[in-house]
Amino acid sequence: MKEKDLTFIQEQIGYNFQNTDLLQQAFVRRSYSKEYGGEDNEVLEFIGDKVLDLIVVKLLTEKYGYFIGDCDDFEPDEEYDEFACDKNESELTELKKKLVQKKTLADRINILDLADYLIMGNGDIQKNINQEISVKEDLFEAIIGAVALDSNWNMEAIQDVVEIMLDPDSYFKDDMEDNYVELIQEWTLRRYGMVPWYHFEKASHVGLFRTLNEVSSPYNGSPELKHACLMKLGNLDKIFKSFGTSKNEARKAVCALAYKELEQNDMLLSIRDEIPNPNINDAISQLEILARRGYFSIPIYEFEQEYDTNGNPIWKCTCHITDITTYFCAKSSSKKHAKKQAAYQMLEYTLL
């Protein structure tokens, strides 16, 4: 693996390896080691699987749990705190299952743009194994396993990496705050076709990386703000910088800072930016794209068959979206063409 690739991976996960051979091993499939020798990532995957479970339980406990009062069952002169939780065992189990399931881990590898760095044997390459969900899940866990070993089981470092890679806040549906990490990720992918670039430093080193085109949140030297995160978005000529109590908190802060800067400068993507070339032939799929991205519900199409004065069949298609009160109708001798026309009318209306 090239040095620039190792650097990119480390920046994406927020951890600098002392032993970069261990990081590279996390990306080595057994198919490669069978063909060329060396160690693969399977034991690292095993370690990462167990570590991930522990860290996710810790995160859930920190988010929903707390200690309360004195316990009346003990002597009055002794203070004991009981542990309480806003979620019951069943709810915690479901949340944990969602956070560590195959699809979640694979999706996160996609978002971090790491699957293409897998080191595989020829058979795996020909079969595009790196696109399989289970393979991406294995890679996620292997990276966590490598971090655990390289950090000598430093729980703070491991938790930082899990939070950055997993972004658990995006799966806590009861949170009402905007997920700026997700919003910035989506903006950068759609605008530049690449993921944001992150760089982490100790907050006390803040003076070492000042830049001319910098947008920064204030740093007051607070000992609680241990970490600084810098972020670059594609070709945008700015560096964003913010601080946090952990690397993940610093990343959330810098994404919020960047999002608000984009909003103030009217640079956020609008619904018009989603469909650069609206046209009748692609209108059905283009409407569905907008629906899948959350602008409105899935379009509903209803058909009626009528006849013209000569007795020829005519198809009438009505396009309706639950969130929109306006209906659009189109008629054609072709059922398919009637649907396209109705969809295109709705598409033009939604893009206004």
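Everything below is about the structure shown above.
What you are looking at is a predicted structure, and each value in this text was computed from that prediction instead of being measured. Along each chain, residue indices are assigned from 1 in the same order as the chain's sequence is written. Owing to the predicted nature of the model, reporting of local features is limited to residues with pLDDT of at least 70; listing and counting of side-chain atom pairs is limited to 80 or more, with chain, interface and lining totals taken over all residues. The basis for every side-chain value is the complete set of heavy atoms in the structure, and neither hydrogens nor water enter the calculation.

Draft legend 1. Just the nonpolar core, in detail. Grouping buried Ala, Val, Leu, Ile, Met, Phe, Trp, Tyr and Cys residues that are joined through side-chain atoms within 4.5 Å yields what is termed a nonpolar core. Relative accessibility decides the category of a residue: with a 1.4 Å probe and only protein chains considered, values under 20% of the type maximum give buried, values over 50% give exposed, and everything between is partly exposed. In terms of nonpolar packing, the biggest core is built from 50 residues, with Ile13, Phe27, Leu114, Ile143 and Met165 touching the most fellow members. At the level of elements, α1 (3–13), α2 (20–25), α4 (42–64), α5 (89–100), α6 (102–112), α8 (133–150) and α9 (155–166) are the ones that each hand at least two residues to this core. Here, residues are in contact when the closest pair of their heavy atoms is within 4.5 Å. In this structure Phe27 touches Met1, Ile9, Asn41, Leu114, Tyr117, Leu118, Ile119, Leu139 and Ile143, once residues within four positions along its chain are discounted. Listed in part, the 20 residues of the second largest apolar core include Leu290, Ala342, Met346 and Leu351. For helices the rule is a DSSP run of H or I covering at least 4 residues; for strands it is a run of E covering at least 2, with both sets numbered from the N terminus onward.

Draft legend 2. Spatial organisation of the sheet that holds strand β7 (residues 300–307). In this analysis, strands are considered paired if DSSP registers two or more bridges between them. The strand order across the open sheet formed by three strands is β7-β8-β9, and the pairing between neighbours is antiparallel. The outermost strands of the open sheet, each flanked by one partner alone, are β7 and β9 (328–332). Strand after strand, the sheet turns through a mean of 20 degrees between neighbouring axes, direction not considered. Looking at chain direction, β7 and strand β8 (residues 313–320) are connected through eight bridges and run antiparallel. Note that in β8 the partner of Glu302 across the bridge is Thr318. Orientation is described by axes fitted as lines to C-alpha atoms, over the contacting stretch for helices, and by angles from 0 to 180 degrees between their N-to-C directions. Against the sheet, helix α14 (residues 335–350) touches β7, β8 and β9, its axis set at about 150 degrees to β9.

Draft legend 3. Molecular detail of the layout of surface pockets. Method remark: on a 1 Å grid restricted to protein atoms, a set of points is classed as a cavity if a 1.4 Å probe fits but cannot get out and as a pocket if it is open with protein on both sides within 12 Å along at least five of seven lines; lining residues have an atom within 4 Å of a point. Grid points are joined across faces, edges and corners, and a volume is the space filled by probe spheres set on the points. In this structure, the second largest pocket spans a volume of roughly 400 Å³. In this structure, the second largest pocket is lined by 18 residues; those nearest its centre are Gly14, Asn16, Lys202, His227 and Lys247. With four residues, strand β3 (residues 197–202) is the single largest residue contributor to the lining of the second largest pocket. When the residues that make up the lining of the second largest pocket are grouped by side-chain class, the tally is three nonpolar, nine polar and six charged. Residues were grouped as follows: Ala, Val, Leu, Ile, Met, Phe, Trp, Tyr, Cys and Pro as nonpolar; Asp, Glu, Lys and Arg as charged; and all remaining residues, including Gly, as polar.

Draft legend 4. Molecular detail of the pattern of salt bridges. Salt bridge, as used here, is a side-chain nitrogen of Lys or Arg placed within 4 Å of a carboxyl oxygen of Asp or Glu. Applying the stated criterion across every chain yields a total of 15 salt bridges. Arg30 serves as the salt-bridge partner of Glu42, at 3.4 Å between the closest nitrogen and oxygen. In this pair, Glu42 sits in helix α4 while Arg30 sits in helix α3 (residues 30–36), placing the two residues 12 residues apart along the sequence. You can call Glu42 partly exposed: its relative accessible area is 34%. Salt-bridge contacts for Lys238 lead to Glu261; the nearest nitrogen and oxygen are separated by 2.7 Å.

Draft legend 5. Looking closely at the pairing of β8. Taken together, β7 and the strand that follows it, β8, pair antiparallel across an intervening segment of five residues, in which Gly311 is found at a positive phi of about 85 degrees. Of the pairings in the sheet, the one linking β8 to β9 comprises five bridges and is antiparallel in character. The residue bridging Trp315 from the neighbouring strand is Ser332, located in β9.

Draft legend 6. Just α5, in detail. Given the number of residues in a helix, its expected span is that number minus one, multiplied by 1.5 Å. Here α5 is 12 residues long and its end C-alpha atoms lie 16 Å apart, about the 16 Å a rise of 1.5 Å per residue gives. Contacts from the buried residues of α5 go to α4, α6 and α9. By the criterion applied in these results, polar contacts are pairs of N or O atoms within 3.5 Å in which, for protein atoms, one can donate a hydrogen and the other can accept it, and in which residues neighboring in sequence qualify only through two side-chain atoms. Two or three places before Ser90, at the start of α5, stands the capping residue Asn88, its side-chain oxygen 3.1 Å from that residue's backbone nitrogen.

Draft legend 7. Spotlight on the sheet that holds strand β5 (residues 227–232). With mixed pairing, the four strands of this open sheet are ordered in space as β3-β5-β6-β4. In this open sheet, the two strands that pair with only one neighbour each are β3 and β4 (214–216). Looking at each pair of strands side by side, their axes are set apart by 25 degrees on average, direction ignored. Sheet topology note: the β5/strand β6 (residues 239–244) ladder contains six bridges and is antiparallel. Pairing of Met231 across the sheet is with Phe240, part of β6.

Draft legend 8. Focus on the packing of aromatic side chains. When two rings of Phe, Tyr or Trp (its six-membered ring) have centres within 6.5 Å they constitute a pair, described as stacked for plane angles under 30 degrees, edge-to-face for angles over 60, and tilted for the intermediate range. Tallied over the full model, the rule gives eight aromatic pairs. Ring plane angle 90 degrees and centroid distance 4.9 Å describe the contact between Tyr15 and Phe17, whose orientation is recorded as edge-to-face. Each member of the pair Tyr15 and Phe17 is classed as buried. Throughout this description, the term charge over a ring refers to an Arg CZ or Lys NZ atom that lies within 6 Å of the ring centre and within 35 degrees of the ring normal. The ring of Tyr198 is capped by Arg251, whose NZ or CZ atom sits 5.8 Å from the centre of that ring. Looking at Lys335, its charged tip hangs above the ring of Trp315, at a distance of 4.9 Å from the centre.

Draft legend 9. Layout of the packing of α5 against α6. Two numbers describe how α5 lies on α6: the axes approach to 4 Å, and their chain directions differ by 45 degrees. With respect to their mutual orientation, α5 and α6 come out oblique. Of α6, the residues touching α5 (which contributes Lys98, Leu99 and Val100) are Lys102, Thr104 and Leu105. Residue classes in the contact of α5 with α6 are distributed as three nonpolar, one polar and two charged. Should an angle fall under 35 degrees it is taken as roughly parallel, and over 145 as roughly antiparallel, whereas 65 to 115 is taken as roughly perpendicular and any remaining angle as oblique.

Purely geometric stuff here, so don't read any function into it on its own.
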